[in-house]
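Residues per chain, in single letters:
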Amino acid sequence: MGARGERRDDEVEQGTVVTPSAEFPPLDPAERAALGRIGERWRPPHADGALPVDPTLGRSGRRPAPSRFGRLAPFDLFTVAQPDELVATEPASVPASRWGRARTRLRRIVLGPPLSSAAVLYERMRKLIALPVLSSDLLSSVAYGPEAMLAVLVLAGTAALGLALPLAAGLVVLMVAVGASYRQTIQAYPHGAGSYVVAGDNLGALAGLAAAAGLMVDYVLTVAVSVAAGVHAVTSALPGLVPATVPLGLLVIAALFAGNLRGVRSAGNLFVLPTYAFLVAVLAVLLVGYARAAGRGFAPVPPPAVPATEGLGLLLVLRAFSSGAVSMTGIEAVSNAVPAFRPTEWRNARTTLGWMVALLVLLFAGLTLLIRLDGLVPVPGEALLSQLGRVTFPTGPWYALLQVATTLILLLAANTAFNGFPRLLFFMARAGHAPRRFLHMGDRLAFGNGMAALAVTAALVFTVFGGHTQALIPLYAVGVFLAFTLSQTGMVVHWRRRRGPGWRRKLLFNAVGATLSGLVLLTAAGSKFTEGAWVVVLAVPLLVLLFRRIHRHYATLHRALALHPPAPPGPAGPAGSAEGEELPQEVRHLVVVPVARLNRASLRALAYAASLGQPTLAVHLAPEDAEADRFREQWRAWGDHLRLETIVSPYRAVIGPLAHYLEALHTSRPELTLTVIVPEVVLRRPWHRPLHSRAEQRLRAALRALPGVVVTSVPVHIAE
């Protein structure tokens, strides 16, 4: 158990370190050994290894000069760091075309200059920045969490509102239990990844994928719900904007996407003030509201009479409890983003999470009790927090300031998802359960591909549901509490395995969190199934299936591309595979040059092919015998320097017959590597391209699926 456990710890730690080099994983020991054995038998074509050019670009007597393809000389784009290493400078990433340079300048204006890979160590958040950035979702949920709970209770009439305080007390217990459980998770897994890694490490890969699917659904809904609630706050104050709900929401999602592309630290600086402003505004509401309540001896204001539309029963109470539990969404964000903190990462993350939970309990309990004291009930067209603000601040600018702060925090609460979703995809891609493109860090050290996936998916969900908060709320709790339940259950297994100091107390915390989260999960899935929760219940297993298929593809790819020791030397037989060759002396060539007509482009391709010193075959396709005879006559006039094969295509197709001919050549000698050299005319003006057939591109696409076939092009540039 000890050695196995240490190995698993190393694998988990290696898989959760966030670094720009994650796209280039190292070789495992077996592949490293195989690489050495392959190298022992490697016979390069030129034994001296001499090159006709200085690869360092800086030590040759003839220095390169600027060309028409760029304003900067090549030696200005690279610096020599070591004898065998060049470092690309910032201008090296600027495209050579005019439009490319214009796009780059615009990107620099919007997102800022690129950041070096070494800056990843400095793109970390201190606690005062991390608190608003990672808690914006959690704290903003108090703007609609109490209302979601009361909106269910009021269905049973005014008398049922008396259950709001007991339910709020139960939710506070749940918040504290889950918060304490995630503090344990951060300490046990200080390298981040949260529920996905914890569940996968302790409960198996399937549980980890289920937790990841739940979190992904939660992050998407976080953006959709937060933006919907923020737009609703705007339309509550300005009813004339109700018809523009969807366009306003899409504009906000685009702005959040662009802001987060600037990087962790820059985005944090952009979004820190709205969170603190909302915190101050809500605390002001609580202070003034309780002061007014104290003036009347804390006597509750009778709520307006609301007729009952449903009977008061256990199912309705459970629905109200699960609806109020949406106030906890975002509590897992810190455990997913531990690597984004400054050292010591896990300690700062635990402190930040503690403050987040304390503020959540204070705001949720305080608002719920104040709403009860002021006798407010949910009404269509105006958020409950807006009603509370009007009652608390009947005069002066304070109500407007509260609405502005609420709108900003609700709109920017989606920023938490833009931090967590791309990192979750990074960890999943590291393990092969998500596309590897999500490992890539952009020039601002942000996971732009993951952010784009989140923005597009959330915009689609927001549009489909018309930006209505209440329509999205039923979908919200299932995914996040699935992740909560699996994560805390995984921690129970973790403590039972490790049994370190105080493991029983830690296990108890996680067991309580797992039990309560599981109850909310079952309640939300059951009671809200027909209201839309079925979408999440169906989406989670489908996502898990997708993740497993992606992993299977990458496992197949790894087996196909993994290095193996070379076979013992021996005579090459005709049954070998061209794509199985790893040594230069094993490669047997046949160079094929398709020639449509004899001009400078085709002659250049033929000259290039002949210069390789390998067997070369020219192929010409003619629509009829007469044209084939004419081309053979031209070929003899050229000198008949290479073997020519003419194919008559009476149906005038070119790409299909040529591809099938090359496939037949390869089938007859599968050990041959067919190198197809295509002459290609390069046009500088984009509007000239429709004037040409671009047959070389269609041929390349047709031959891409053939094994053992290499397609290369010999360009001829047209100056005009």
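Structure shown above.
Quantities reported herein were computed from a predicted structural model and do not represent experimental measurements.

Chemist: What's the story with the overall build of the chain in this structure? I'm lost.
Modeler: Of the regular secondary structure elements, the chain holds 26 helices and 7 strands. Considering the chain as a whole, with its 720 residues, one finds that 48% of them fall into the buried category. Sequence-distant contacts, at least 24 apart, represent 79% of the contacts inside the chain between residues at least 6 apart. Per element, the accessible surface of the chain, about 35,000 Å² overall, is 63% carbon and sulfur.

Chemist: Would you take a moment to explain the sheet that holds strand β7 (residues 709-718) for this structure?
Modeler: Spatially, 5 strands are ordered β5-β4-β3-β6-β7 in an open sheet, and the strand pairing comes out parallel. Looking at the sheet topology across the chains shown, the edges are occupied by β5 (643-648) and β7. Neighbour-to-neighbour, the strand axes of the sheet open up by a mean angle of 25°, direction not taken into account. Sheet topology note: the strand β3 (residues 588-594)/strand β6 (residues 672-683) ladder contains 5 bridges and is parallel. Counterpart to Leu590 in the pairing with β6 is Leu674. The strands that helix α26 (residues 695-703) touches are β3, β6 and β7; relative to β6, the one it contacts most, it runs at about 155°.

Chemist: Quick question: what am I supposed to make of helix α6 (residues 145-153) here?
Modeler: What sets the pattern is the α-helix's 3.6 residues per turn: residues three or four places apart point alike. Buried residues dominate α6, accounting for 8 of its 9 residues. Those residues of α6 lying buried are Gly145, Pro146, Glu147, Ala148, Met149, Leu150, Val152 and Leu153. Where α6 is buried, its residues meet α7 (164-188), α12 (314-324), α14 (345-373) and α15 (384-392).

Chemist: It is not clear to me how the side chain of His620 should be interpreted in this structure. Could you clarify?
Modeler: Mapped onto the fold, His620 is located in strand β4 (residues 616-622). Among the polar contacts made by the side chain of His620, one reaches the main-chain carbonyl oxygen of Ala596 at a distance of 3.5 Å. If we skip the residues at most four places from it in the chain, His620 touches Val595, Ala596, Glu627, Phe631, Leu644, Glu645, Thr646 and Ile647.

Chemist: Sorry if this is basic, but what is going on with the packing of aromatic side chains here?
Modeler: Pairs of aromatic rings are described using the distance from one ring centre to the other and the angle between the two planes. Applying the stated criterion across every chain yields a total of 7 aromatic pairs. With centroids separated by 5.0 Å and ring planes inclined at 80°, the aromatic side chains of Phe481 and Phe484 adopt a geometry described as edge-to-face. With Phe481 and Phe484 both in helix α20 (residues 476-498) and 3 residues apart, the pair spans about one turn of that helix. Take Phe481 and Phe484: they sit in the same class, and that class is buried. In textbook terms, an aromatic cluster arises when at least three aromatic residues are bridged by ring pairs, as seen for Tyr182, Phe481 and Phe484.

Chemist: What is the right way to look at the pairing of β3 in this model?
Modeler: Along a regular strand, successive side chains alternate from one face of the sheet to the other. For β3, a buried count of 5 out of 7 residues is recorded, marking the element as mostly surrounded by other parts of the structure. Bridge analysis of β3 against β4 gives 4 bridges, and the strand direction is parallel. Bridging from a neighbouring strand, Val593 pairs with Ala618 of β4. Where the polypeptide runs from β3 across helix α23 (residues 600-611) and back to β4, its parallel neighbour, the crossover connection is right-handed.

Chemist: Before we go on, may I ask you to explain the nonpolar core in this structure?
Modeler: Ranked by size, the top nonpolar core spans 154 residues in total, and within it Leu153, Val223, Met428 and Phe481 carry the most contacts. Ranked by residue count, the leading element in this core is helix α9 (residues 205-237), at 20 residues. Those residues within four positions of Leu153 in sequence are excluded, and the remaining contacts are Ala160, Leu161, Leu163, Ala164, Leu167, Leu316 and Ala320. Leu665, Leu674, Leu706 and Val709 belong to the second-largest nonpolar core, a separate cluster that totals 19 residues.

Chemist: How should I be thinking about the pattern of salt bridges in this particular structure?
Modeler: Any two side chains of opposite charge can pair, so long as their charged atoms come close to each other. Counted under the stated rule, the structure contains 5 salt bridges. Salt-bridge contacts for Arg296 lead to Asp374; the nearest nitrogen and oxygen are separated by 3.1 Å. Of this pair, Arg296 sits in the loop between α11 (264-295) and α12 while Asp374 is found in the loop between α14 and α15, placing the two residues 78 residues apart along the sequence. One salt bridge connects Arg319 with Glu310, and the closest N-O pair in it is separated by 3.2 Å. Judged by its relative accessible area of 12%, Arg319 falls in the buried class.

Chemist: For this particular structure, what's the right way to read helix α18 (residues 448-464)?
Modeler: For α18, which comprises 17 residues, the first-to-last C-alpha distance of 24 Å matches the rise-based estimate of 24 Å (1.5 Å per residue) to within 8%. Residues Gly448, Gly450, Met451, Leu454, Ala455, Ala458, Ala459, Val461 and Phe462 constitute the buried set of α18. Buried positions in α18, seen along its axis, are confined to an arc of 165° and lie on one side of it. Set apart from the buried face of α18 by more than 90 degrees, the exposed residues are Val456, Leu460 and Val464. Of the residues trailing α18, Gly466 is marked for its positive phi of about 65°.

Chemist: Even after reading the chapter, I still don't get the environment of Pro707, so can you show me in this structure?
Modeler: In this structure, Pro707 sits in the loop between α26 and β7. Note on Pro707: relative accessible area 44%, which makes it partly exposed. Residues Pro707 and Leu674, 33 residues apart in the sequence, show an inter-C-alpha distance of 9.3 Å.

Chemist: Can you walk me through the packing of helix α16 (residues 398-412) against helix α17 (residues 414-430) in this structure?
Modeler: A pair of packed helices can be characterised by two numbers: the angle between their axes and the separation between those axes. Contact geometry of α16 with α17 gives a least axis separation of 4 Å together with a crossing angle of 20°. As judged from the angle between their axes, α16 and α17 are roughly parallel. Between α16 and α17, the residues in contact are Leu410, Leu411 and Leu412 and Ala414, Asn415 and Thr416, respectively. Partitioned by chemical class, the residues of the contact of α16 with α17 number 4 nonpolar, 2 polar and no charged.

Chemist: Quick question: what am I supposed to make of unusual backbone geometry here?
Modeler: For residues other than glycine, phi is negative in most cases, and the peptide bonds are mostly trans. Going from Pro343 to Thr344, the amide bond is cis rather than trans, its omega being -5°. For Thr344, the location among the structural elements is in the loop between α13 (333-336) and α14. Here the phi dihedral of Phe298 falls at roughly 55°; this positive angle occurs in a residue that is not glycine. Structurally, Phe298 can be placed in the loop between α11 and α12. For Phe298, a relative accessible area of 43% gives the class partly exposed. A positive phi angle, near 50°, is found at Asp640, a position not held by glycine. Along the chain, Asp640 falls in the loop between α24 (625-638) and β5.

Chemist: Even after reading the chapter, I still don't get the environment of Ala514, so can you show me in this structure?
Modeler: Within the secondary structure layout, Ala514 lies in helix α21 (residues 503-527). Not counting residues up to four positions away in its chain, the partners in contact with Ala514 are Thr485, Gln488 and Thr489.

Chemist: What exactly am I supposed to notice about the packing of helix α25 (residues 655-668) against α26 here?
Modeler: Put simply, α25 and α26 touch, their axes get as near as 10 Å, and they point 40° apart. The angle between α25 and α26 falls in the class oblique. The interaxial crossing formed by α25 with α26 has right-handed handedness. Residue-level inspection shows Ile655, Leu658, Ala659 and Leu662 of α25 in contact with α26, the latter providing Ala695, Arg698, Leu699, Ala702 and Leu703. Considered class by class, the residues forming the contact of α25 with α26 number 8 nonpolar, no polar and 1 charged.

Reading the values: rules and limits
- Residues numbered from 1 in each chain as written.
- Predicted model: local features only at pLDDT ≥ 70, side-chain atom pairs only at ≥ 80, totals over all residues.
- Heavy atoms only, no water.
- Helix = DSSP H or I, 4+ residues; strand = E, 2+ residues; numbered from the N terminus.
- Buried < 20%, exposed > 50% of the residue type's maximum accessible area, 1.4 Å probe, protein only.
- Contact = heavy atoms within 4.5 Å.
- Areas by Shrake-Rupley, 256 points an atom, 1.4 Å probe, with all protein chains shown as cover.
- Pairing = 2+ DSSP bridges.
- Axes fitted to C-alpha atoms, helices over the stretch in contact; angles between N-to-C directions.
- Polar contact = N/O pair within 3.5 Å; in protein donor to acceptor, adjacent residues only side chain to side chain.
- Phe/Tyr/Trp six-rings, centres within 6.5 Å; stacked < 30°, edge-to-face > 60°.
- Right-handed = clockwise from strand over helix to strand, strands pointing away.
- Core = buried A, V, L, I, M, F, W, Y, C linked by side-chain atoms within 4.5 Å.
- Salt bridge = Lys/Arg side-chain N within 4 Å of Asp/Glu carboxyl O.
- Expected span 1.5 Å × (residues − 1).
- Arc of directions from axis to C-beta.
- Parallel < 35°, antiparallel > 145°, perpendicular 65-115°, else oblique.
- Nonpolar A, V, L, I, M, F, W, Y, C, P; charged D, E, K, R; others polar.
- Left-handed = near helix turned anticlockwise from the far one by under 90°.

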